[in-house]
Amino acid sequence: MGEDISTVFKTLVLEGDKTGNFVCVIQGDKSVDLKKAAKISGNKKAAMIPMKELLPLTGYIRGGCTALGMKKQFPVYLQEEALSHDFIYVSAGKRGLQLKLNPEDFVKATNAKISDVIISEEVDSVQ
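Overview of the structure. Because the structure is predicted, anything quoted here is derived from the model rather than measured. (Residues numbered from 1 in each chain as written. Predicted model: local features only at pLDDT ≥ 70, side-chain atom pairs only at ≥ 80, totals over all residues. Heavy atoms only, no water.)

## Digging into helix α3 (residues 103-110)
So, step 1. Buried residues of α3: Pro103, Phe106, Val107 and Thr110, and no others. Along the axis of α3, the buried residues cluster in a sector spanning 100 degrees; they form a single face. For α3, the exposed residues lying more than 90 degrees away from the buried face are Lys108 and Ala109.
So, step 2. Tucked into the core, α3 has its buried residues touching β2 (20-27), β5 (76-79), β6 (88-91), β7 (98-101) and β8 (113-115).
So, step 3. Structurally, the start of α3 carries an N-cap: the backbone nitrogen of glutamate 104 is 2.7 Å from a side-chain oxygen of asparagine 102.
So, step 4. Looking one or two residues past α3, asparagine 111 carries a phi angle of roughly 60 degrees, positive in sign. (Buried < 20%, exposed > 50% of the residue type's maximum accessible area, 1.4 Å probe, protein only. Helix = DSSP H or I, 4+ residues; strand = E, 2+ residues; numbered from the N terminus. Arc of directions from axis to C-beta. Contact = heavy atoms within 4.5 Å. Polar contact = N/O pair within 3.5 Å; in protein donor to acceptor, adjacent residues only side chain to side chain.)

Here it is, written out as structure tokens:
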């Protein structure tokens, strides 16, 4: 796309041991810290869902998953750096198709909570 990677956000679907599924939306070049993700979502542990569960659960395939319009509304946690940009890019529901929008509009549309879930070390991370 030729855009600064810090403005391109990926959607990750996780499962917590207490609350069930939730979504983390983080910068494309970052990794999610599973311990941080578990803590902010009210869980003790969290893990990425198995790839085979993504389509039936969300209605989207890998590379096209977005928090906008999932089959079911899950809690969404948006990486706090998103708010430092006028616009961010998120998947538009199809692999290779991106949506450019104001991060505040994304928060409103998904009821996202602003959080810090990116990794600070290379332990318990998922890219």
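The structure having been displayed, the exposition proceeds.
## A short note on the nonpolar core
So, step 1. Ranked by internal contacts, the top residues of the largest apolar core, which has 20 residues, are Val23, Val25, Leu78 and Phe106.
So, step 2. With residues up to four places along the chain from it excluded, the contact list for valine 25 reads Phe9, Lys10, Thr11, Ala67, Val76, Tyr77, Leu78, Gln79, Val90 and Phe106.
So, step 3. Counting 13 residues, the second largest nonpolar core, distinct from the first, contains Phe22, Leu34, Ala46 and Ile118. (Core = buried A, V, L, I, M, F, W, Y, C linked by side-chain atoms within 4.5 Å.)

## Topic: the environment of leucine 12
So, step 1. Mapped onto the fold, leucine 12 is located in strand β1 (residues 9-16).
So, step 2. Residues leucine 12 and isoleucine 49, spaced 37 residues apart in sequence, show a C-alpha to C-alpha distance of 8.8 Å.

## Things to note about the environment of lysine 30
So, step 1. Assignment of secondary structure puts lysine 30 in the loop between β2 and β3 (32-33).
So, step 2. Residues lysine 30 and glutamine 98, 68 residues apart in the sequence, show an inter-C-alpha distance of 18 Å.
So, step 3. Those residues within four positions of lysine 30 in sequence are excluded, and the remaining contacts are Lys10 and Ile118.

## Digging into the packing of aromatic side chains
So, step 1. Throughout the structure, instances matching the rule amount to one aromatic pair.
So, step 2. Plain terms: the ring middles of phenylalanine 22 and tyrosine 77 are 5.9 Å apart, the flat faces sit at 85 degrees to each other, and that makes the pair edge-to-face. Taken together, the positions of phenylalanine 22 in strand β2 and tyrosine 77 in strand β5 put the pair 55 residues apart, joining distant regions of the chain.
So, step 3. The buried category is assigned to phenylalanine 22, whose relative accessible area is 1%. (Phe/Tyr/Trp six-rings, centres within 6.5 Å; stacked < 30°, edge-to-face > 60°.)

## Observations regarding unusual backbone geometry
So, step 1. If you check the backbone angles, asparagine 111 has positive phi at about 60 degrees while not being a glycine.
So, step 2. Within the secondary structure, asparagine 111 is located in the loop between α3 and β8.

## Overview of the sheet that holds β2
So, step 1. The mixed open sheet is built from five strands, whose spatial order is β4-β1-β2-β5-β8. Edge strands, defined here as strands with exactly one partner in the open sheet, are β4 (46-48) and β8. For this sheet the average axis-to-axis angle between neighbouring strands, irrespective of direction, equals 35 degrees.
So, step 2. Judged from the three bridges that link them, β2 and β5 form a sheet pairing that is parallel. In the strand pairing of β5, valine 23 is matched with valine 76.
So, step 3. Packed onto the sheet, α3 meets β2, β5 and β8 and runs at close to 170 degrees relative to β5. (Pairing = 2+ DSSP bridges. Axes fitted to C-alpha atoms, helices over the stretch in contact; angles between N-to-C directions.)

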